[in-house]
Amino acid sequence: MALHDRRTAHVQTTFVCSGKCIHCLYPRCMHSQYHGTMSDAVFQTVLDRLASLTLDTVYPCLENEPFADPAIFERADALFNTCNALWLKFTTNALLLDAKKRKQLALLLEGKNHEIQIIFHGTQKEHYTRVMGIPFSESLENVLGLLLLAQDAELHVTVCCAGQGPAGSLFQNYSCSKEAFFLFWESLFRKHNIRKRPRMRYRPYLDRTGSSLHRSGIHMLPPIREDLKTLHCLRVPEHLHVLHTGELVLCSMDYERGTLFGNLMQNDLAGIFSSEAWNLLSDSARGLRATPYDFLCKRCLYPERAM
Ligand code: SF4
Ligand code: SF4
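Observations regarding the overall build of the protein chain
For the protein chain, the helix and strand inventory stands at 10 helices and 9 strands. Expressed as a percentage of the 307 residues in the protein chain, the buried residues total 40%. Long-range pairs, those at least 24 residues apart, make up 76% of the contacts in the protein chain between residues at least 6 apart in sequence.

Some words on the sheet that holds strand S8 (residues 247-249)
Strand order in the open sheet formed by 9 strands is S6-S5-S4-S3-S2-S1-S7-S8-S9, with mixed pairing between adjacent strands. The open sheet terminates on both sides in strands that have one partner only, identified here as strand S6 (199-204) and strand S9 (262-263). Pairing of strand S7 (residues 239-242) with S8 involves 2 bridges; the strand directions are antiparallel. Within the sheet, the bridge partner assigned to Val 242 lies in S8 and is Leu 248.

Let's talk about the site of ligand 2
In the vicinity of ligand 2 there are 13 residues, among which Cys 233, Arg 235, Cys 251, Cys 297 and Cys 300 approach most closely. By residue class, the composition of the shell around ligand 2 is 11 nonpolar, 1 polar and 1 charged.

Concerning the pairing of strand S3 (residues 87-92)
Counting buried residues along S3, 5 of its 6 residues qualify, which places the element largely inside the surrounding structure. In the classification by handedness, the crossover that spans strand S2 (residues 57-59), the intervening helix H3 (residues 72-82) and the parallel S3 is right-handed. Sheet topology places S3 next to strand S4 (residues 113-119); 6 bridges connect them, and they run parallel. In the sheet register, Phe 90 faces S4, and the bridge partner there is Ile 116. Following the backbone out of S3, through helix H4 (residues 99-109) and into the adjacent parallel S4, one traces a crossover that is right-handed.

Structural notes on the nonpolar core
Core analysis: the biggest nonpolar cluster contains 61 residues, and Ala 9, Val 58, Cys 83, Ile 118 and Val 242 have the highest contact counts within it. If near-sequence neighbours (up to four positions away) are discounted, Val 58 is found in contact with Ala 9, Leu 79, Phe 80, Cys 83, Ala 85 and Leu 88.

A few points about H4
Looking only at H4, the buried set comprises Arg 102, Leu 105 and Leu 109. The buried residues of H4 all sit within an arc of 60° when viewed along its axis, so they share a single face. Turned more than 90 degrees off the buried face of H4, the exposed positions are Lys 100, Lys 103 and Leu 107. Those residues of H4 that are buried are in contact with S3, S4 and helix H6 (136-149). Just past H4, the residue Gly 111 takes up positive phi, approximately 80°.

Focus: the packing of helix H2 (residues 40-50) against H3
It is at 9 Å that the axes of H2 and H3 come closest, and there the two elements cross at 20°. Taken together, the axis directions place H2 and H3 in an arrangement best described as roughly parallel. Crossing angle aside, the handedness with which H2 passes H3 is right-handed. Packed against H2, whose contacting residues are Phe 43, Leu 47 and Leu 50, the element H3 presents Arg 75, Ala 78, Leu 79 and Thr 82 at the interface. The residue makeup of the contact of H2 with H3, split by class, is 5 nonpolar, 1 polar and 1 charged.

Observations concerning unusual backbone geometry
In the Ramachandran plot, Glu 63 falls in the positive-phi region, its phi being about 50° despite a non-glycine side chain. A tally of 25 C-beta atoms within 10 Å means that Glu 63 is categorised as buried. The backbone phi angle of Asn 193 is positive, close to 55°, even though this residue is not glycine. Looking at the element boundaries, Asn 193 is found in the loop between helix H7 (178-191) and S6. Its 8 C-beta neighbours within 10 Å are what place Asn 193 among the exposed residues.

Here's the deal with the environment of Thr 8
Among the structural elements, Thr 8 can be located in strand S1 (residues 8-11). Residues Thr 8 and Leu 55, spaced 47 residues apart in sequence, show a C-alpha to C-alpha distance of 5.8 Å.

Focus on the pairing of strand S5 (residues 157-163)
Put simply, side chains in a regular strand alternate between the two faces of the sheet. In terms of residue burial, S5 counts as a mostly covered element, since 5 of its 7 residues are buried. Where S4 meets S5, 4 bridges bridge the pair, whose relative direction is parallel. Within the sheet, the bridge partner assigned to Gln 117 lies in S5 and is Thr 158.

Description of the packing of H4 against H6
Between H4 and H6, whose axes approach to 10 Å, the crossing angle comes to 40°. The angle between H4 and H6 falls in the class oblique. Remark: the crossing between H4 and H6 carries right-handed chirality. Residues Ala 99, Arg 102 and Ala 106 of H4 form the contact with H6, whose participating residues are Gly 145, Leu 146 and Leu 149. Residue composition of the contact of H4 with H6, by class: 4 nonpolar, 1 polar and 1 charged.

The rules behind the values
Residues numbered from 1 in each chain as written. Chains lettered and ligands numbered in written order. Predicted model: local features only at pLDDT ≥ 70, side-chain atom pairs only at ≥ 80, totals over all residues. Helix = DSSP H or I, 4+ residues; strand = E, 2+ residues; numbered from the N terminus. Buried ≥ 20, exposed ≤ 12 C-beta atoms within 10 Å, placed from the backbone. Contact = placed C-beta atoms within 7 Å. Pairing = 2+ DSSP bridges. Near = placed C-beta within 6 Å. Nonpolar A, V, L, I, M, F, W, Y, C, P; charged D, E, K, R; others polar. Right-handed = clockwise from strand over helix to strand, strands pointing away. Core = buried A, V, L, I, M, F, W, Y, C linked by C-beta atoms within 7 Å. Arc of directions from axis to C-beta. Axes fitted to C-alpha atoms, helices over the stretch in contact; angles between N-to-C directions. Parallel < 35°, antiparallel > 145°, perpendicular 65-115°, else oblique. Left-handed = near helix turned anticlockwise from the far one by under 90°.

Below is the structure:
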């Protein structure tokens, strides 16, 4: 659980998101007290703190829409270089990924190992709009624009759909089938003559630890784990999640800031990862200490049920 085990960093350069996904806590917390964009001073401090790491992967995004940050391209470049990362990965709903930004993105990613993960839940306007809360046609146009750009540029795109949830899932009313997902995209590839196909990924819904469902008038799932002794989630030992304030949380599932354990504006990483707060949290997440029945990892469908 030491600092040098970190392999992946998620950095929230802004907490703005254009989406309103039905399974996401974002709309509730963004509009209350946590809204914000990382200031240049915080970003520079985060960069300085992370410079001691050698990471496999940097995500310049966390619980947000990265292209809502006007400085995202410069910041992503700086994070990738400073952390000596091997991979630069984005997760986006593509609504803001207009032609200009697509070109900027292609320039940024040139010569870097990378992946652009497009989140696109659904195959029909009504279903997509209900699940993601953003305009279907605009997002689709941007995704197709990116895929067309990728025909010539060296761009690696993955189209991700969260469809049917686990058996008994409360998301069954919002699901699209795996077959529908592949048929929908295959017809678009043919129609637009997209020869270089993106990676396609279909998986069950992640419900953001259940707590977001209140907003949608759906009852929260009960905690799915009584204890965490047999849970081996790589997020705990290997990932680093930095909020736009410089604070650290255990996981991107934590929209409630219930697992804050340090602040890069106050301490360096070595100090934070040797602190009592971190030891307590990592022991809790690994089932080595008793935790309340609603502890974050007890409510989480990831990792087993998401695979
Ligand atoms: S799941 Fe992602 S795209 Fe959807 S509202 Fe949440 S942060 Fe935004
Ligand atoms: S079990 Fe779930 S909530 Fe806990 S660290 Fe892993 S992904 Fe995050």
